[in-house]
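Residue-level structure breakdown
Now for the letters of each chain:
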Amino acid sequence: MPTPSNLALRLNRFVEKALGENSALDFNGHVVTDLGSQKKRISWSEQQPFNPLAHLPGTLGEYLYYLRDRHFSLVNLDGSLLQLSFEIHHGRVVSHRLNFVPCPIDLDLGLLALDTLDNVVEQLFLSSPRTEVRLRSSLRFDYDPDAAGQNHPASHLTLNFDSTRIPVSRNFDVSMFLKFVLDNFFSGRGIKFGSTYVVGGDPCNEVMDPAHRLVPHLAWQTGL
Amino acid sequence: MLNVTYGDTRHADVVGSLVQALEQAEVSGDLYVGYPVLNTSEGKLDVDALLISDAHGLVAFDLRNPQAGGADEAATEAALARQDELYAILDSKLKTYPELRRGRSLAFTPHTITIVPDIQGPAQVEDRTFATFQTLAPVLEAFPPVDAGTVRRLSAAIQHTSTIKPLKKRTDVTKPGSRGNILKSVEAEIANLDAWQKKAAIEFPEGPQRIRGLAGSGKTIVLAQKAAFLHTRFPEWNIALTFQTRSLYQQFRNLITRFCFEFISDAPDWSKLHLLHAWGSSSSSGIYSEIAAAAGHPARDFSFAKDRFGANRAFEGICRELLKATEQNSVRPLWDVVLIDEAQDFPNEFFKLVYQATPKPHRVVWAYDELQNLGEFAMQPAEDLFGRDKNGNPKVTLVNKEGQPQQDIVLPVCYRNTKWNLTSAHGTGFGTYRPEGLVQIFDTPSLWEDIGYQFVKGRPKGNVDVSIARKPSASPEYFEKLLQPADAVLARTFRTAAEQYNFIAEQIDKNLNDDELDYDDILVVFCSPLTVRTDAAGLAAALRKKRITSHIAGVTSSRDRVFSEKSVALTGIYRAKGNEAPMVYVADAQYCASGLELARRRNILFTAMTRSRAWVRVTGYGPDMQRLKAELDAVAQHEWRLEFRYPTKEEIKKLHLLHQDMPADQKEKVEADLEALARIVQRIDEGLLDPASLPTETRNLVRRLTKVNGR
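This section reports on the structure supplied with the text. What you see is a predicted model; the values in this text were computed from it and never measured.

About the cut-offs
Residues numbered from 1 in each chain as written. Chains lettered and ligands numbered in written order. Predicted model: local features only at pLDDT ≥ 70, side-chain atom pairs only at ≥ 80, totals over all residues. Heavy atoms only, no water. Patch = residues over 30% accessible without salt bridge, like charges linked within 9 Å, V, L, I, M, F, W, Y side chains within 5 Å. Areas by Shrake-Rupley, 256 points an atom, 1.4 Å probe, with all protein chains shown as cover. Salt bridge = Lys/Arg side-chain N within 4 Å of Asp/Glu carboxyl O. Helix = DSSP H or I, 4+ residues; strand = E, 2+ residues; numbered from the N terminus. Phe/Tyr/Trp six-rings, centres within 6.5 Å; stacked < 30°, edge-to-face > 60°. Buried < 20%, exposed > 50% of the residue type's maximum accessible area, 1.4 Å probe, protein only. Lys NZ or Arg CZ within 6 Å of the ring centre and 35° of its normal. Core = buried A, V, L, I, M, F, W, Y, C linked by side-chain atoms within 4.5 Å. Pairing = 2+ DSSP bridges.

Side note on a nonpolar patch on the surface
Residues and elements named next belong to chain B.
- On the surface, a cluster of nonpolar side chains totalling about 340 Å² of accessible area is made up of Leu 674, Leu 677, Val 681 and Leu 705.
- Looking at the nonpolar patch, the element that brings in the most residues is helix H24 (residues 664–685), giving three residues.
- Residue position: Leu 677 is located in helix H24.

Observations regarding the packing of aromatic side chains
- Counted according to the given criterion, the structure contains 43 aromatic pairs over all chains.
- When the ring of Tyr 32 of chain B is compared with that of Tyr 35 of chain B, the centres are 5.5 Å apart and the planes differ by 40 degrees; the resulting orientation is tilted.
- Its relative accessible area of 0% is what places Tyr 35 of chain B among the buried residues.
- Here a set of aromatic residues connected by ring pairs shows up, and it is made of Trp 279, Tyr 288, Phe 302, Phe 315, Phe 346, Phe 350, Phe 351, Tyr 355, Trp 366 and Phe 386 of chain B.
- Note that Arg 189 of chain A overlies the ring of Phe 186 of chain A, its terminal NZ or CZ placed 5.2 Å from the centroid.
- One residue, Arg 179 of chain B, lies across the ring of Trp 615 of chain B, its end atom 5.0 Å from the ring centre.

Let's talk about the pattern of salt bridges
All names here are of chain A.
- Counted by the stated rule, this structure contains 50 salt bridges over all chains.
- Linking Asp 202 and Arg 10 is a salt bridge whose minimum nitrogen-to-oxygen distance equals 2.6 Å. In this pair, Asp 202 sits in the segment after helix H5 (174–186) while Arg 10 sits in helix H1 (residues 4–20), placing the two residues 192 residues apart along the sequence.
- Judged by relative accessible area, Asp 202 falls into the buried class, the value being 16%.

A closer look at the nonpolar core
- Core analysis: the biggest nonpolar cluster contains 121 residues, and Phe 177 of chain A together with Trp 448, Ile 508, Val 586 and Val 618 of chain B have the highest contact counts within it.
- At seven residues, the largest contribution of residues to this core is made by H1 of chain A.
- Listed in part, the 61 residues of the second largest apolar core include Phe 50 and Val 121 of chain A together with Val 364 and Leu 385 of chain B.

Considering the pairing of strand S13 (residues 239–243) of chain B
Residues and elements named next belong to chain B.
- Along S13, five of the five residues are buried, which leaves the element largely enclosed by surrounding structure.
- Relative to strand S14 (residues 273–277), S13 is paired through five bridges, and the arrangement is parallel. From the neighbouring strand, Thr 242 faces S14, where its bridge partner is Leu 276.

Read these as layout, nothing more, since geometry by itself doesn't imply function.
This is the structure:
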């Protein structure tokens, strides 16, 4: 079971390595915040308070908000963002927010010589919508058993709409999430992602309500 | 001595006579013409002329009632009313400054004088005074003197420089002598404008104006004050202030707002005073995009510009394209005044476009860091910037005439850097104590004195031994009082990058925990532009081990504040520009010691070092850093003087050729050749190649190479 400081250390080593290996544009350090009642949050260091509802999902505003207010763990070489955030209570992960936010445009890294990433994305998004813009949703794996209900699986995938919650059989650990992102969004694109640094594995426990097994959902086996 | 600042030229003849009369009376102090603009319940009030003097205090001149004091009673009444109004406004305005009060009143009495050609009635009506130029001297003599401290505070109030005092209170600074405490003292110094800054902020000629100054000479504040002053003086004007670094937007907005409140107790009218990035975008207007729209030409985006013209020439390319288009479709004037900051970053084509977008007399004000890059070629002369007319005459020439607002102003005092840091930065930038000789030097020798140096020995002529030092007047006194030279500039060499980062992390830890500095007092600048991210990652890891968070500034967002209250800012050289911090760590400085395009590398070091407002630590690793450290140490050993044999003109030309930037293809070839040479040496070292077996010619070439360095 991860301790908060251990998890923060692993996340920090990952982002530092990614930057050090030139696989990322920017990073934030991760810190442990005491939430009271022995609950701790391990998340990117916030310079501004994070409001997950500040913008509608899948909008340019959302992407620019994350970028400009530095609400990210890592900015990848293609301009996409990773948000890695966990809450640990009594030695167990009790919630996580693992968000992959694609860049709204196909980024030409050479344009960063002209201006910062946010201005490049904003300008091209607004001036060349037919050619530059890519209609891609963020993919957010949330885990929050306290909020679980009939239409709200404890672990779920949200994409396209904020109300979408595709059931996921287990909570994620960091390395599984990063592998998921690498395999599905970077493999074969010729763009470096992440790091060879192994972030370490934590248990991904079965958390799915049996009723959700009867509908399309995401699941994987462990311990093969 | 009488320092005259011409904020207005409407009453030129009378003002000229006033200045003459004051100079003849040997009045010393500051005379402001057409400044300040004061706010009343009935609108704005221009002050025709205002004198601040130790000997005579504060005197406001009324120059617009020449008929007063004679048979024309109405004119006399008008003059008396004006004097009352001037007194009332100045009195109430200045009473808002506690440092100017004594009890409930001002610590001095503002005086008012109406200047008339002759006086037929009483020269004094209660506290209102009439004077001719001939009777002015005895009238002024009758006014009591004011102590120098009050005069300084009064000047700050009139210049509104108390507005620009740092907002950071440093209330948690408690240890005497800590760096935090020293900073508190430095920041508490009243920032009066010096004579050149006053001219730059207040004077506006009928036509273009150039403001040159070292980094840290106060140009941003001067431009902001100028914009605010012009806006309050001429509220009907469309004024544009433009810049390259987007983060300047907020800085200008804040400063101008504060100045406007000081001037007229009101916010600026942003529909008349426009802060515009040079390029602009679909979401925010810029100078380029506005002119394009006015010319009916599509405003190009980054992608188009880079693809068509290449990343390095992107903005130049689109400006050139637009300029061509405006030859077909001329542009109607868009702004009455355009102020340009960071002018060295803009291509000539941009200036030509701005010239077109302003009506005669083309009030274009451009400000740039003289020698931030140590290459004065960075800024073209006005004749080249704005081009020539059909007859081949330059569209703009800058002429400074006595008694008129100046068109060409140099700001020689650097307020940001200590003289020890600035001299070290210039010294290493030029390669003054480099064993192989100079890297670069000014083409124009007069520039030395323009930017605040003096020749202690020799003159800037070829083959003459010179010794150059900062003029005492070119550096604020408080640095000498509050800082120690040995602590102001430190250089350290390490064996590896990791050792270096560990040292920096230890020092930052000490800064935060012992020195009473805050996170946002610290800036780390990485010298190598190509490896910023990987270098930053190494330092971030070292800082994290000390539980210190850090962030890279200016890569992903322009709207970051570079500095954060919770994190140390790490940045590359291009994003460091325009920013400053009390404590600056210049990391991986060995990159600047040697290599191709050495002038550019030395410029990087200069820019990085001059980000510091108090202390700078230059670090790096390996033999190159040892050599660089030796150069820095030599500046200190020479007691902060640059002593060298001044090169001849031919030698200066040769330096440009040797160390200038290379075209990309040439650079590639040279780098390939160097790699091949390195492989040959490696083969010899590994015993795979016998040097004796090399052809004789090759062996001779090698000998020549080793002789060049004297080794």
